[in-house]
Amino acid sequence: MFARGLKRKCWDGDEDVEGAPAAPSYSLQRQSLLDMSLVKLQLCHTLVEPNLCRSVLIANTVRQIQEEMTQDGAWQLPAPPVAGRGPLDHLVSTEILCRAAWEQQGQRPAPDLPSELPGALGAPAPGSAQSCIWEADSSRGHRGSFPKSLDQIFETLESRAPSPVEGLFADAGGPYYDLDAVLTGMVGGKSGPGGGDGLQALAPAGAPPPSASCKRDLGELDHVVEILVET
Amino acid sequence: MVLQPSERHYRDWSHRRLGPWCSPTGSPAPLSCETGCGEGSWILVCRLLVPTQVSLLSMEEDIDTRKINNSFLRDHSYATEADIISTVEFNHTGELLATGDKGGRVVIFQREQESKNQVHRRGEYNVYSTFQSHEPEFDYLKSLEIEEKINKIRWLPQQNAAYFLLSTNDKTVKLWKVSERDKRPEGYNLKDEEGRLRDPATITTLRVPVLRPMDLMVEATPRRVFANAHTYHINSISVNSDYETYMSADDLRINLWNFEITNQSFNIVDIKPANMEELTEVITAAEFHPHHCNTFVYSSSKGTIRLCDMRASALCDRHTKFFEEPEDPSNRSFFSEIISSISDVKFSHSGRYIMTRDYLTVKVWDLNMESRPIETYQVHDYLRSKLCSLYENDCIFDKFECVWNGSDSVIMTGSYNNFFRMFDRNTKRDVTLEASRENSKPRAILKPRKVCVGGKRRKDEISVDSLDFSKKILHTAWHPSENIIAVAATNNLYIFQDKVN
């Protein structure tokens, strides 16, 4: 119906133990929703500016899940993924999350949900309440592609949406670069988060064209300096 | 009575092969706004397609190009993504209907004039003018494309023979003048036939050019370009009731413009936090009050509406009224905030109410009561249990619009599977209709549709799992005084009329 050819199966946590509480299943699906949200936030590197409203809503959802996980004190760390499998393989059906919260308590998942146990998922290891979900992500090699804290995501969004001052430059024909920024950008490559708007504009995926023109500008600079020195 | 083709039709000729139009009842049907949606029944007036290649042809097409049109339009595989309609708007009299599409084009349709011979043809719309409003741009500083997609069109009230409208993409608003020319000055003697200036020595007489009639030509010219005022994507424009100013709203700011001044605008709302990391809410829609030129509202992604009074201060960051419905704790889920995000806000024609659209409902608010809406209508509540899947495929972020009818008694909004819904506020009845080629013969009465929620599916019902979520009706418009509606489904524009017997 929705994604043709791709059907989500729900992991039925109660399959092995009868009478077990629905909580582990809910947590896993909550984790899955968190993963899905992070993937969505990541997929912003297109040629067109990302939709700010959508990003904000997804980010708020992520925050919400984070807060709830903090309250529960349960950080579910999925088992290390099998080599070569992407994070999307861990996504499970999160239909149960659509139900109102009060339904969750003391209720088992609906019996008509197909049950399938993804091989990679072992018993959830309890994580410390203090450990940041982001650190947990980075500790798993294959999850290195996940961001970037939420803050960094917003910085990326912000850098793509410059201040009104930079908007003034929009009128200038062709690229306009602060020479300092160009030079520093050439030397430093991708700078840290505190790099400033000019640098951020050079850093992300669209980098190759600006670099090429930076080299050109640099070449011209050399030429200009030569002329000045000679005179 | 068979419809005669006219040079100005860009319509689906295949309808003619389906059979003759239904015969008129005699006198033109009195279309009163008071009919509501329950008592009347809706018929398809016409379905309009403007594929990319055809739109470049001018009004004065000859027989050969019309033949090309006929064969061209029958083959619907030519429709491209650039043809997807992104906004629909009637003008203040309902005589004109403007559409904007993803390719940056604006197509204006004009209502067929009533004539004694062909009474039933009133209510049909034909192409009046087509022009390229916005072009794709590239922002070199950010290495990002600026889409040419027309986000909104708003008409100005007519003050002379010409028509004026505002059209906007993500960054730039343009004021277009659409005017007719049916006379041409002839008799200049300063230039020769090829247009070259003649030697002044050869000119011995003074000749005043004479206006001669010519074939009607409709031309659109950009009169103003309002650029470089929005860092974020423009989602709304609204013409003020003073007819001198208008506002444009993006995700975080709202600017007030004077029509005559393009190089500056006043910022009247700014919700950008000092630290972007603290951003949790964006502006989703904004509109001026229809009568009070100092009042406007804007909606947010958190399901709130703020009403502001520009007399209170220059920067309207502090609202005058704040409309928010308390959350229902029993319905709380991780998607609660997303589905509460308001995608459209519209004042009623009376100015007394505002209507908001969020993902699952349409709400009517009384301006005098901020605590909760006075009416809530369920558009497609059966989707509540599917929110996870809809989040996964991004459908949950679809922005549906909503519209009032001329008398504020009926409200309409779109849904999936090419369905659209109407709610009669007085009778509390509602109807679901479908805008699709397969199910609509011209002048045939639209059959109400029903979605089966669970259990046994009746014969004509469609189950939730069979709904096509790629076919969404986001944009609709209602004629200001009559029961004529325009429904945009991808690249098709359907015009329906209430048939009152």
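Predicted model only: the values in this text are computed from it and were never measured. (Residues numbered from 1 in each chain as written. Chains lettered and ligands numbered in written order. Predicted model: local features only at pLDDT ≥ 70, side-chain atom pairs only at ≥ 80, totals over all residues. Heavy atoms only, no water.)

Colleague: Give me the lowdown on the overall build of chain B, citing residues and values where you can.
Modeller: For chain B, the count of helices and strands is six helices and 32 strands. Residue pairs at least 24 apart in sequence account for 58% of intrachain contacts in chain B once pairs closer than 6 positions are excluded. About 22,300 Å² of surface is accessible on chain B, with carbon and sulfur atoms providing 49% of the total. (Helix = DSSP H or I, 4+ residues; strand = E, 2+ residues; numbered from the N terminus. Contact = heavy atoms within 4.5 Å. Areas by Shrake-Rupley, 256 points an atom, 1.4 Å probe, with all protein chains shown as cover.)

Colleague: Please provide a residue-by-residue account of the confidence of the model for chain B, values included.
Modeller: Low pLDDT means the predicted coordinates in that region are not meant to be read closely. Residues and elements named next belong to chain B. With 83% of its residues at a pLDDT of at least 70, chain B reaches an overall mean of 84. Every residue in residues 1–39 is under pLDDT 50, and counting partners more than four places away or in other chains gives 101 contacts. Low pLDDT, under 50, characterises residues 51–78; the predicted model gives this stretch 46 contacts beyond four residues in sequence or across chains. Note on the complex model: pTM 0.70, ipTM 0.83. (pLDDT = per-residue confidence, 0-100.)

Colleague: Could you give an account of the sheet that holds strand E25 (residues 410–414) of chain B, naming the residues involved and the relevant values?
Modeller: All names here are of chain B. Strands sit in the order E24-E25-E26-E27 across an open sheet of four strands; the sheet is antiparallel. Of all strands in the sheet, those bounded by a partner on one side alone are strand E24 (402–404) and strand E27 (430–434). For this sheet the average axis-to-axis angle between neighbouring strands, irrespective of direction, equals 20°. In this structure, E25 lies alongside strand E26 (residues 419–424), joined through five bridges in antiparallel fashion. (Pairing = 2+ DSSP bridges. Axes fitted to C-alpha atoms, helices over the stretch in contact; angles between N-to-C directions.)

Colleague: Residues and numbers for the pairing of strand E32 (residues 492–499) of chain B, please.
Modeller: All names here are of chain B. Taken across its eight residues, E32 has seven buried, putting it largely inside the fold. Note that strand E1 (residues 41–49) and E32 share eight bridges and pair antiparallel. Its bridge partner being in E32, Leu 44 is matched across the sheet by Phe 496. Summarising the sheet, strand E31 (residues 484–489) and E32 pair through six bridges and their orientation is antiparallel. Looking across to E32, one finds that Ile 484 is bridged to Gln 497. Hairpin connection from E31 to E32: two residues lie between these consecutive antiparallel strands, with Thr 490 at a positive phi of about 55°. (Buried < 20%, exposed > 50% of the residue type's maximum accessible area, 1.4 Å probe, protein only.)

Colleague: Tell me about the side chain of Asp366(B), and please be specific about residues and values.
Modeller: All names here are of chain B. With respect to the secondary-structure elements, Asp 366 resides in strand E22 (residues 361–366). For Asp 366, a relative accessible area of 10% translates into the label buried. Only 2.9 Å separates the side chain of Asp 366 from the side chain of Arg 352, close enough to count as a polar contact. Among the polar contacts made by the side chain of Asp 366, one reaches the main-chain amide nitrogen of Asn 368 at a distance of 2.8 Å. Apart from residues lying up to four places away in sequence, Asp 366 is in contact with Phe 323, Arg 352, Tyr 353 and Ile 374. (Polar contact = N/O pair within 3.5 Å; in protein donor to acceptor, adjacent residues only side chain to side chain.)

Colleague: Explain the nonpolar core to me, and be specific about the residues and the numbers.
Modeller: Within the largest apolar cluster, 43 residues are counted, with the highest numbers of intra-cluster contacts made by Tyr359(B), Leu383(B), Leu390(B), Tyr391(B), Ile396(B) and Leu467(B). The set of elements that each furnish at least two residues to this core consists of helix H1 (23–42) and helix H2 (52–72) of chain A together with helix H5 (336–340) and helix H6 (387–392) of chain B. Residue contributions to this core peak at eight residues, all from H2(A). Look past the residues within four positions of Ile396(B) in its chain and what remains in contact with it is Phe335(B), Ile338(B), Ile339(B), Tyr359(B), Leu387(B), Leu390(B) and Tyr391(B). In terms of nonpolar packing, the next biggest core, distinct from the first, is built from 18 residues, Val410(B), Val431(B), Leu446(B) and Val487(B) among them. (Core = buried A, V, L, I, M, F, W, Y, C linked by side-chain atoms within 4.5 Å.)

Colleague: Which residues make up the pairing of strand E17 (residues 295–300) of chain B, and what are the values?
Modeller: All names here are of chain B. Within E17, six of the six residues are buried, which leaves the element mostly enclosed by the surrounding structure. Neither face of E17 is open: one carries Thr 295, Val 297 and Ser 299, the other Phe 296, Tyr 298 and Ser 300, and all of them are buried. Summarising the sheet, strand E16 (residues 283–288) and E17 pair through five bridges and their orientation is antiparallel. Bridge pairing in E17 links Ile 283 to Ser 300. Here E16 folds back onto E17, and the loop between the two strands holds six residues. Looking at chain direction, E17 and strand E18 (residues 305–309) are connected through five bridges and run antiparallel.

Colleague: So what's going on with the confidence of the model for chain A? Residues and values would help.
Modeller: All names here are of chain A. For chain A, the mean per-residue pLDDT works out to 52, and 19% of the residues sit at or above 70. Element-level mean pLDDT values for chain A span from 33 in helix H4 (residues 133–139) up to 93 in H2. In the predicted structure, residues 76–94 sits below a pLDDT of 50 and forms 45 contacts with residues beyond four places in sequence or in another chain. When the criterion is pLDDT under 50, residues 159–214 qualifies, and its contacts beyond four places in sequence or with other chains add up to 53 contacts.

Colleague: Could you give an account of the packing of aromatic side chains, naming the residues involved and the relevant values?
Modeller: When we look at a pair of aromatic rings, we describe it by the centre distance and by the angle of the planes. Per the counting criterion, the structure on display carries 20 aromatic pairs over all chains. Ring geometry for Tyr128(B) against Tyr163(B): centres 6.1 Å apart, planes inclined by 85°, an arrangement best described as edge-to-face. Taken together, the residues span a long stretch of sequence, with Tyr128(B) in strand E5 (residues 125–132) and Tyr163(B) in strand E9 (residues 163–168) at a distance of 35 residues. Taking the relative accessible area as the measure of exposure, Tyr163(B) reaches 8% and is therefore buried. For the pair Tyr416(B) and Phe469(B), a centre-to-centre distance of 4.8 Å together with 45° between the ring planes defines the contact as tilted. Here Tyr416(B), found in the loop between E25 and E26, pairs with Phe469(B), found in the loop between strand E29 (462–463) and strand E30 (475–478); they are 53 residues apart in sequence, far enough to count as distant. Given a relative accessible area of 1%, Tyr416(B) falls into the buried group. Taken together, the ring pairs in this structure connect Phe226(B), Tyr246(B), Trp257(B) and Phe259(B) into an aromatic cluster. Stacked on the ring of Tyr391(B), the Lys or Arg Lys40(A) has its end atom at 5.4 Å from the ring centre. (Phe/Tyr/Trp six-rings, centres within 6.5 Å; stacked < 30°, edge-to-face > 60°. Lys NZ or Arg CZ within 6 Å of the ring centre and 35° of its normal.)

Colleague: Outline the pattern of salt bridges, listing residues and values.
Modeller: All names here are of chain B. In the structure shown here, the tally under the stated rule is 32 salt bridges over all chains. A salt bridge links Asp 309 to Arg 311; the nearest nitrogen and oxygen atoms lie 2.8 Å apart. Its salt-bridge partner being Asp 381, residue Arg 384 comes within 2.9 Å of it at the nearest N-O pair. (Salt bridge = Lys/Arg side-chain N within 4 Å of Asp/Glu carboxyl O.)

Colleague: Quick one: what's the story with the sheet that holds E22(B), residue by residue and with numbers?
Modeller: All names here are of chain B. Ordered by their spatial adjacency, four strands build an open sheet running E20-E21-E22-E23, and the pairing between neighbours is antiparallel. Unpaired on one side and paired on the other, strand E20 (344–347) and strand E23 (375–378) mark the two borders of the sheet. Here the strands of the sheet are splayed against their neighbours by 15° on average, with no regard to which way each runs. Looking at chain direction, E22 and E23 are connected through four bridges and run antiparallel. Of the residues in E23, the one forming a bridge with Thr 361 is Gln 378.

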